[in-house]
Amino acid sequence: MSALVQVRLDPWTRVAEFVHQLVELPYVREAMVLAGDHDLAVVIDCADLTDLDATIRQLRGIGAEETVTQIVLRTVPGPDREPGAQQP
C-alpha cells in the first residue's frame, strides 16, 4: 500500500536535519519539500496499516509536529509517462 503524508515540522527541527534522518526510514519512497501549510510531503510504500502507523510514529520521533495522511487508492499516469516519472 502507498500513502502520502504531509508533514509540518516542529519549530526546532530544520528541514535538512529531518531529511537526513527521513531517508534512512525503510518505507519512505520519496519526499518533496513544500511551500505552504506543510513543510514536506512524504510518499510511503509499505505492506499494511501497521507498517504505516509505525512509519508515521517514526516521522514524529525525528521532528514532525503534525502529519496528515492520505491513503493512495490508485495512481493515474499523465500522458506518455509512467507512474512516478519526473517531468522534464
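Shown above is the structure to which this text applies.
This report concerns the structure included in the present document. Note that the structure is a prediction, hence the values are computed from the model and not measured.

About the cut-offs
- Residues numbered from 1 in each chain as written.
- Predicted model: local features only at pLDDT ≥ 70, side-chain atom pairs only at ≥ 80, totals over all residues.
- Heavy atoms only, no water.
- Helix = DSSP H or I, 4+ residues; strand = E, 2+ residues; numbered from the N terminus.
- Buried < 20%, exposed > 50% of the residue type's maximum accessible area, 1.4 Å probe, protein only.
- Lys, Arg positive; Asp, Glu negative; His and termini not counted.
- Salt bridge = Lys/Arg side-chain N within 4 Å of Asp/Glu carboxyl O.
- Polar contact = N/O pair within 3.5 Å; in protein donor to acceptor, adjacent residues only side chain to side chain.
- Contact = heavy atoms within 4.5 Å.
- Core = buried A, V, L, I, M, F, W, Y, C linked by side-chain atoms within 4.5 Å.

Next up on the list: the side chain of Asp51. Inspection of the secondary structure puts Asp51 in helix H2 (residues 49-61). One buried charge, Asp51, has no salt-bridge partner; the nearest side chain with opposite charge is Arg57, at 11 Å. Within the structure, Asp51 has its side chain in polar contact with the backbone nitrogen of Ala47 (distance 3.5 Å). Among all residues touching Asp51, those that are not within four sequence positions of it are Tyr27 and Cys46.

Residues Val7, Phe18, Leu22, Ile44 and Leu59 are the most contacted members of the largest nonpolar core, which totals 17 residues. Going through the elements one at a time, strand E1 (2-9), helix H1 (15-22), strand E3 (40-45) and H2 are the ones with two or more residues in this core. Here this core gets four residues from one element, more than from any other, and that element is E1. In contact with Leu59, other than residues within four places in its own chain, are Val5, Val7, Phe18, Leu22, Leu25, Ile44 and Ala64.

Turning next to the pattern of salt bridges. In this structure the tally under the stated criterion is five salt bridges. Note that Glu66 is salt-bridged to Arg8, the shortest N-O span being 2.6 Å. Of this pair, Glu66 sits in strand E4 (residues 64-72) while Arg8 sits in strand E1; the two residues are 58 residues apart in sequence, bridging distant segments of the chain. Overall, Glu66 belongs to the partly exposed group, its relative accessible area being 29%. For Arg8, a relative accessible area of 26% puts it in the partly exposed group. The shortest N-O distance in the salt bridge between Arg29 and Glu30 comes to 3.8 Å. Residue Glu30 is classed as partly exposed on the basis of its relative accessible area, which comes to 30%. Several salt bridges converge on common partners, so that one network encompasses Arg29, Glu30 and Asp45.

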